[in-house]
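# Structural overview for review
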Amino acid sequence: MTSTRLPWPTMPGGWDREGPEPVSRWDVMLTAALMVGTSFWGDLMANHQGHYVASVLTSLAITAPVVLRRRRPLLMLAIVSVASLVQCVTVSGPTASLLAVPVVAYSVAKWVSGHDSRLVLLSGLIGAVIGPLCWIGSVNFVDGYAGRVRMLVLLFVMCFAAVLVPYLIGRRVRENDITGQERARAAEQRYQAELATREERARATEARVRNDIARELHDVVAHSLSVIIVQAEGGKALARKNPPAAAETLDTIAETGREALTEMRRMVGVLRAGPGGTEYAPQPGLGDIAEMVQRAGDRVSLQVTGAQPAVPATVGLAAYRVVQEALTNFFKHAGPQATCRVQINYGAADIDIEVADNGMGSKAPNDGAGNGLKGMQERVGAVGGKLNARARRTGGFQVKALLPIAAKPPKVATSEPASAPAQADGGEPADGGVPAAQPADPAPEGRVDRGAPHQASPQGPGHHDGPVA
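Residues numbered from 1 in each chain as written. Predicted model: local features only at pLDDT ≥ 70, side-chain atom pairs only at ≥ 80, totals over all residues. Heavy atoms only, no water.

## Structural notes on the nonpolar core
Heads up, the condition is: Buried Ala, Val, Leu, Ile, Met, Phe, Trp, Tyr and Cys residues that are joined via side-chain atoms within 4.5 Å together make up what is termed a nonpolar core. Think of it in three bands: residues with accessible area under 20% of the maximum for their type are buried, residues over 50% are exposed, and the middle band is partly exposed, with areas taken using a 1.4 Å probe on protein chains only. Labels follow the DSSP assignment, with helices taken as runs of H or I lasting at least four residues and strands as runs of E lasting at least two, numbered in each case from the N terminus. Residues count as neighbours in contact if any of their non-hydrogen atoms are within 4.5 Å of one another.
Formed by 38 residues in total, the largest nonpolar core has its most connected members in I289, V300, L327, I351, I353 and L403. Going through the elements one at a time, α8 (289–296), α9 (313–333), β2 (340–346), β3 (350–357), α10 (371–382), β4 (386–391) and β5 (397–404) are the ones with two or more residues in this core. Broken down by element, this core gets its largest block of residues, ten residues, from α9. Setting aside chain neighbours within four positions, we find I353 in contact with A319, V323, Q343, I344, V399, K400, A401 and L403. The next biggest cluster of nonpolar side chains, apart from the first, holds 16 residues, and it includes L77, V80, V112 and V163.

## Some remarks on the confidence of the model for the protein
For the record, the criterion: The score called pLDDT rates the predictor's confidence residue by residue, from a low of 0 to a high of 100.
Across the protein, pLDDT averages 75, with 69% of residues at or above 70. Ranking the elements of the protein by mean pLDDT puts helix α7 (residues 243–273) last with 68 and helix α4 (residues 100–111) first with 94. Contacts from residues 1–19, a stretch scored under 50 in pLDDT, to residues over four places away or in other chains number 46 contacts.

## Thoughts on the environment of V82
Its location among the elements puts V82 in helix α3 (residues 73–90). For V82 and I62, which are 20 residues apart along the polypeptide, the C-alpha to C-alpha distance reads 8.6 Å.

## Side note on the pattern of salt bridges
Formally: The term salt bridge refers to a pairing of a side-chain nitrogen on Lys or Arg with a carboxyl oxygen on Asp or Glu at a separation within 4 Å.
Here the structure, examined in full by the defined rule, presents eight salt bridges. Of the charged contacts in the structure, one is a salt bridge between E354 and K400, with a shortest N-O distance of 3.9 Å. Taken together, the residues E354 in strand β3 and K400 in strand β5 connect sequence positions 46 residues apart. The exposure classification of E354 matches that of K400, with both residues buried.

## A closer look at the sheet that holds strand β1 (residues 300–305)
The cut-off we apply is this: The criterion for strand pairing is that DSSP finds at least two bridges linking the strands in question. Angles run from 0 to 180 degrees between N-to-C directions of axes, and those axes are lines fitted to C-alpha atoms, restricted for helices to the stretch in contact.
Read across the sheet, five strands follow the order β1-β2-β3-β5-β4 without closing on themselves; strand pairing throughout is mixed. Looking at the sheet topology across the chains shown, the edges are occupied by β1 and β4. Mean inter-strand twist for the sheet, computed between neighbouring axes without regard to direction, equals 10 degrees. As defined by bridge partners, β3 adjoins β5 across seven bridges and the pair is classed as antiparallel. Considered in β5, the bridge of I353 is made with A401. Contacts from α8 reach β1 and β2 within the one sheet, and its direction differs from that of β1 by about 160 degrees.

## Observations regarding the packing of aromatic side chains
Heads up, the condition is: Centres within 6.5 Å are what make two rings of Phe, Tyr or Trp a pair, Trp counting through its six-membered ring; a difference in plane orientation under 30 degrees is then read as stacked, over 60 as edge-to-face, and the rest as tilted.
In total, this model carries two aromatic pairs according to the counting rule given. Relative to F160, the ring of F156 has its centre 6.2 Å away and its plane inclined at 0 degrees; by these criteria the two rings are stacked. With F156 and F160 both in helix α6 (residues 145–241) and four residues apart, the pair spans about one turn of that helix. Look at F156 and you get partly exposed, because its relative accessible area is 29%. With 5.3 Å between their ring centres and 50 degrees between their planes, F330 and F331 make a pair best called tilted. For F330, a relative accessible area of 0% puts it in the buried group. With a relative accessible area of 5%, F331 lands in the buried category.

## Remarks on the packing of helix α2 (residues 52–63) against α3
This is how the line gets drawn: With respect to orientation, any angle under 35 degrees is reported as roughly parallel, any angle over 145 as roughly antiparallel, any angle of 65 to 115 as roughly perpendicular, and every other angle as oblique. Helix crossings are classified by the rotation of the near helix relative to the far one: an anticlockwise turn of less than a right angle makes the crossing left-handed, while a clockwise turn makes it right-handed. Charged residues are taken to be Asp, Glu, Lys and Arg, nonpolar residues to be Ala, Val, Leu, Ile, Met, Phe, Trp, Tyr, Cys and Pro, and polar residues to be all remaining types, Gly included.
It is the contact of α2 with α3, at a shortest axis distance of 8 Å, that shows an interaxial angle of 165 degrees. By the angle between their directions, the pair α2 and α3 is classed as roughly antiparallel. Where α2 crosses over α3, the handedness of that crossing is left-handed. Contacts between α2 and α3 involve A54, S55, T58, S59, A61 and I62 on the former and, on the latter, I79, V80, A83, S84, V86, Q87 and T90. For the contact of α2 with α3, the per-class residue count stands at seven nonpolar, six polar and no charged.

## Topic: helix α1 (residues 25–38)
In an α-helix, one turn spans 3.6 residues, which is why side chains three or four residues apart end up on the same side. Worth spelling out the cut-off: What a helix should span is 1.5 Å times the count of its residues minus one. Within this analysis, the arc is defined by the directions that extend from the helix axis to the C-beta atoms. For the purposes of these results, a polar contact is taken to be a pair of N or O atoms within 3.5 Å, where, inside protein, one atom must be able to donate a hydrogen and its partner to accept one; residues adjacent in sequence count only when each atom of the pair is a side-chain atom.
Compared with an ideal rise of 1.5 Å per residue, which puts 14 residues at 20 Å, α1 spans 20 Å between its outermost C-alpha atoms and is within 8% of the ideal. Within α1, the full set of buried residues consists of D27, T31, L34 and T38. An end-on view of α1 places all buried positions within 75 degrees of arc, on one side of the element. Projecting away from the buried face of α1 at angles above 90 degrees are the exposed residues R25, W26, M29 and V36. Looking at the buried side of α1, the elements it contacts are α2 and α4. One side-chain oxygen of the residue at the start of α1 lies 3.2 Å from the amide nitrogen of W26, identifying that residue as S24.

Here it is, written out as structure tokens:
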């Protein structure tokens, strides 16, 4: 099996590069100490120095390869194993150079992975058997066969323990290093994942803000321009018949334009100045619906039931925008002679808003835009309400919204295609859904000027944005 080594940056004195680590100065110092301190003692068990030269040479061969313990641990093991076997044959007793054996066992265990590291145990086992057999002849203080057997067993245990214990220590140190490396890698991965999550969250927030700004711009510009166009067209006819009334129409146009310009400047100011750099004006809410309907002209009437409750700003803004968009679609698509009725019912827990007209309804061609009703769906769904927008079979178009007084978790707002029948004959819903309003009755006398001719919108009597954007 091919040996696999740990990445060097996690090792003591490691190098941040691929390949074997250069020889460490600490390994050089350790090798020099072993060579000088153990190689010249000779046979430790013999009373004579008959094999001194062989002892020195083999001891040097055992201690010198220690310098390769990090760079080439298996090569070090092979050289030390061969030199130890030669020493057992040529020298009658053990030498002090065998102190290098635990260092070799520890180094192989730490720096070599897999089954290859167990080669040091095999080499140690062979040496623990051959060494005592070669040395027992030079032991003079043991008599008898039984005594020699006990000495052989004792020497075997000591020799193999000198390999096994350092090996186990080395493996434990290696496992700790691997665990530390894996923890560092996991921490880095968590950090990168957190960065990616933050970037994704920032992109989602940016997209949401862009959508909110686009929706606000659509609501402000589309409604204001629709009111201005309708008032201007009516003002042309009034200028010939009733100049004072035409002046009032021009005042309404100017007021609507100023309001739209103020909201536009507010949004642009927020974009330019960023957080904390702009004074924020209050968002429109329930209390502003009546003024908006009044500015819309005599073709629109308002009916309110119940006392206006205190609601969160998001709910008030959603209600205002629903009415605003419904009136915008009415001016664009219902036709010049159509009228519209806005009904608001303040209940104990909900606000029921209905905007119905008696215009062209499903007969009006679709303009293909659909952004207005899509914005209504998003607003109503964001506060946990329900939206129903449909053309009525009896004529006209109806937008019905049910908003909770206290904002709830968002729900998916549903809207049915304008071409689908809104109700069966008799005024009941054909599908059992929210009842559709009957054609709006003409507004109270004095609010609708039926004597004033109305011109068609320059864009033509297009269809509503469509119930589903």
